[in-house]
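For reference, the chains in residue letters:
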Amino acid sequence: MTASNGGTATGNDQRGRHDLTGHSPKARAWRAFFETSAIISDRMEKRLHSSTGLRLTDYNLMLLLAEADEYQLRMGELAEGMVFSPSRLSYQVKSLEKRGLITRFADPEDRRGMTAQLTEEGRRVFEQASRLHGQHIKQLFHPALDDEEARIFKLICDQIKTTATAEDRA
């Protein structure tokens, strides 16, 4: 059974396929979370890219820089904050740098490290992308939850994030 197709108690969906994820409430919740996250990410990616030319990974990187003091972070700090593909950070930075949206320079306090910073053009593009991204969130996510459900959903996501990142801190 998939999260959205209303399968039967025997584990077959309406098209005769078998649900191999499991039937417990937690297994079903995982499947629903996984599928919904993928659908939302796909829709958000397509809308953002068609509107601005940015991918969600670009937006995430630029968001971190936009929120940082002086619009800049050391590359290590940037990698730690990335939600999407931190392993591809150098490729992503080079790509955004070629587009004139960010610049890199040697860290003044530690010449071995590099710092990334949003350019004026990067701030302008991010501001536009941020407005559009906010509209997309309001269209795709907000209608599904009232305020109390949103608080509960955030609590659940925070708990999952804590569990998922616990081994990183150990």
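Here the structure is a predicted model, which is why all the values come from computation and not from measurement.

Thoughts on the nonpolar core
Counting 24 residues, the largest nonpolar core has Leu54, Leu61, Met62, Leu65 and Leu78 as its most contacted members. If you list the elements that add at least two residues to this core, you get helix H1 (25-52), helix H2 (56-67), helix H3 (75-81), helix H4 (89-98), strand E3 (114-118) and helix H5 (120-140). With six residues, H2 is the largest single contributor of residues to this core. Leu54 has contacts with Leu48, His49, Met62, Leu96, Arg99, Leu101, Val125 and Ala129, leaving out every residue within four places of it along the chain.

Notes on the packing of H2 against H4
The relative placement of two packed helices comes down to the angle between their axes together with the axis-to-axis distance. It is the contact of H2 with H4, at a shortest axis distance of 11 Å, that shows an interaxial angle of 85°. Taken as axis vectors, H2 and H4 run roughly perpendicular relative to one another. On H4, the residues touching Thr57, Asp58, Leu61 and Met62 of H2 are Leu89, Gln92, Val93 and Leu96. Across the contact of H2 with H4, the residue classes break down as five nonpolar, two polar and one charged.

What counts and how
Residues numbered from 1 in each chain as written. Predicted model: local features only at pLDDT ≥ 70, side-chain atom pairs only at ≥ 80, totals over all residues. Heavy atoms only, no water. Core = buried A, V, L, I, M, F, W, Y, C linked by side-chain atoms within 4.5 Å. Buried < 20%, exposed > 50% of the residue type's maximum accessible area, 1.4 Å probe, protein only. Helix = DSSP H or I, 4+ residues; strand = E, 2+ residues; numbered from the N terminus. Contact = heavy atoms within 4.5 Å. Axes fitted to C-alpha atoms, helices over the stretch in contact; angles between N-to-C directions. Parallel < 35°, antiparallel > 145°, perpendicular 65-115°, else oblique. Nonpolar A, V, L, I, M, F, W, Y, C, P; charged D, E, K, R; others polar.

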